[in-house]
Every structure is written in structure tokens, then in C-alpha cells.
Amino acid sequence: MDFDNVVNKRRSFRSLEQVQISDNDILQLAKTSSLAPSCYNNQPWRYIFVRERNKLNEMFDALSEGNAWAKSSSMIIVVYSKKELDCAMKDGRDYYKFDTGISCGFLMLKAAELGFVAHPIAGYDPEKVKRILDIESGFEVLTLIIVGKHSEVINPVLKDYQIEFEKKRPERKKIEDFIKII
Ligand SMILES: Cc1cc2nc3c(=O)[nH]c(=O)nc-3n(C[C@H](O)[C@H](O)[C@H](O)COP(=O)(O)O)c2cc1C
């Protein structure tokens, strides 16, 4: 698929239906995520692909109320990292979140190309997630990526503003509001 088509196809939909996700799908997502640039090629990102039904149900308990829509997902990708895995500059700049974010961007675009919704969220209890998955202390759970198939049937748990976003991508700033060309 043409790059711009993939970028346009990627949307954070909240109306999801169940979909089969194969090991090969997961490997393709992982491979694409690994091609992201990172400081000194440190590759600080860590992912857990939670697809098994019982574990997925446990993960649903960690979601915030506003993210109840994510209970229709077929997989949750837990994204975690820690400062020590990447460049930490003397002047205070730490790059682990930046680099992990780039890797997630690659992964989400690949998911869009494969026909999945891959919706990142911040609304969850990170300590609960760490307990459920036995993630070592010292790591931060940076995001959960909710994966499913887009459903044309609006999820009944959605609020009015979320329903609007199902129909139309949230507005972006005007280009001149976030760039300067000198
Ligand atoms: C770091 C991050 C946290 C987000 N947290 C949530 C969330 O908790 N719940 C939710 O429904 N969407 C969440 N989103 C999705 C954004 O609302 C969405 O990306 C934005 O509105 C733009 O829409 P689009 O991705 O469809 O273009 C989050 C996105 C990012 C990148």
C-alpha cells in the first residue's frame, strides 16, 4: 500500500470487532517496530503482545472507565521501557520515551497496513498492568496499544464526542501553528 494511504488509514477507532491475530501478524509488527531509529541504536522499547483470552480479560481490569470501549479488543500491546536502556544526556535529556514512541509509530502504521486498528492509550493503571504481567520494577509502562478490527457498528459505550471521532478524524492544527520555515 502507498505510504500516504497507510498514514491516512491509521485511525484511533473505538468501535472494534473481534479479529484473529496470527503469530505471523505479530512478527510483522515486531519486525517493523524494530526498524525505527534510536539513539546509538539502543532500541529501548519492550513489547508484550497480550492475545491469550484469560490474560486479556485480566488486562481489561486495568483500563480507565473512559476506555471501556477497549474491552472489545482482540489484543493489547503493552509498551514499556526505562531510562537506563537509552541515551541519558548530561544536560538532562533522556531519549527512551522518544525512541520508544518512534518504534510505536512504525508498529501502528504497519498494523494499519495489515488492516488492524492499533489505538494507543494513556488511560490505564500502570501498576496493575505491571502486576498482571510480572513486569520488573524499574520499568515504566508507557502506553497500551489496543488492537482490533474496525467495526462500522458504533460501540454503545462511547460518549457523544467519541462517536463524532468515529465518523471524522479529530481536527489537526493548521500547519503554520506548529512549524516555522526559516
Ligand atoms: C499517548 C496517547 C495517549 C492516548 N490516550 C488515549 C486514551 O486513554 N483513550 C482514548 O480513547 N484515546 C487515547 N489516545 C488516542 C487519541 O485520542 C487520538 O490519537 C487522537 O484523538 C487523534 O486521533 P487519530 O489517532 O484517530 O488520528 C491517545 C493517544 C496517544 C498518542
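Further up the page is the structure itself.
Rules used in this analysis
- Residues numbered from 1 in each chain as written.
- Predicted model: local features only at pLDDT ≥ 70, side-chain atom pairs only at ≥ 80, totals over all residues.
- Heavy atoms only, no water.
- Core = buried A, V, L, I, M, F, W, Y, C linked by side-chain atoms within 4.5 Å.
- Buried < 20%, exposed > 50% of the residue type's maximum accessible area, 1.4 Å probe, protein only.
- Helix = DSSP H or I, 4+ residues; strand = E, 2+ residues; numbered from the N terminus.
- Contact = heavy atoms within 4.5 Å.
- Disulfide = S-S within 2.5 Å.
- Near = heavy atom within 4 Å.
- Polar contact = N/O pair within 3.5 Å; in protein donor to acceptor, adjacent residues only side chain to side chain.
- Nonpolar A, V, L, I, M, F, W, Y, C, P; charged D, E, K, R; others polar.
- Pairing = 2+ DSSP bridges.

Formed by 25 residues in total, the largest nonpolar core has its most connected members in Met59, Val78, Val129 and Leu144. Elements that contribute at least two residues to this core include exactly α3 (53-60), β3 (75-81), β4 (117-121), α5 (126-133) and β5 (140-150). The contact partners of Leu144, leaving out residues within four places of it in the chain, are Met59, Leu63, Ile76, Ile77, Val78, His119, Pro120, Ile121, Tyr124 and Val129. Formed by 17 residues, the second largest nonpolar core is a distinct cluster that contains Ile21, Met108, Phe116 and Ala118.

So, on to the state of the cysteines. Considering all chains together, one arrives at one disulfide under this definition. In this model Cys39 forms its disulfide with Cys87; the gap between the sulfur atoms is 1.9 Å. Handedness of the Cys39-Cys87 disulfide follows from its S-S torsion of about -95°: it is left-handed. Here Cys39 is found in the loop between α2 (23-34) and β2 (46-50), whereas its partner Cys87 is found in the loop between β3 and α4 (96-114), with 48 residues between them in sequence. Taking relative accessible area as the criterion, Cys39 reaches 22% and is therefore assigned partly exposed. Take Cys104: it sits in no disulfide, and the sulfur closest to it among the cysteines is that of Cys39, at 17 Å.

What follows deals with the site of the ligand. Taken together, 14 residues lie near the ligand, and Ser12, Arg14, Asn67, His119 and Arg169 sit nearest. Between an oxygen atom of the ligand and a side-chain N or O atom of Arg11, the distance comes to 3.2 Å. Looking at the shell around the ligand residue by residue, the class counts come to five nonpolar, four polar and five charged.

Let's shift gears to the pairing of β3. When you tally the buried positions in β3, you get seven out of seven residues, the bulk of the element. Neither face of β3 is left uncovered, since the one carrying Met75, Ile77, Val79 and Ser81 and the one carrying Ile76, Val78 and Tyr80 both have all their residues buried. When β2 meets β3, the two strands line up antiparallel, connected through five bridges. The residue of β3 that forms the bridge with Arg46 is Tyr80. Bridging between β3 and β5 involves seven bridges; their strand directions are antiparallel. Looking across to β5, one finds that Ile76 is bridged to Ile146.

Here we come to unusual backbone geometry. Although it is not a glycine, Asn41 adopts a positive phi angle of roughly 55°. With respect to the helices and strands, the residue Asn41 is situated in the loop between α2 and β2. Its identity as a non-glycine residue notwithstanding, Gln43 has a phi of 50°, on the positive side. Following the sequence through the fold, Gln43 ends up in the loop between α2 and β2.

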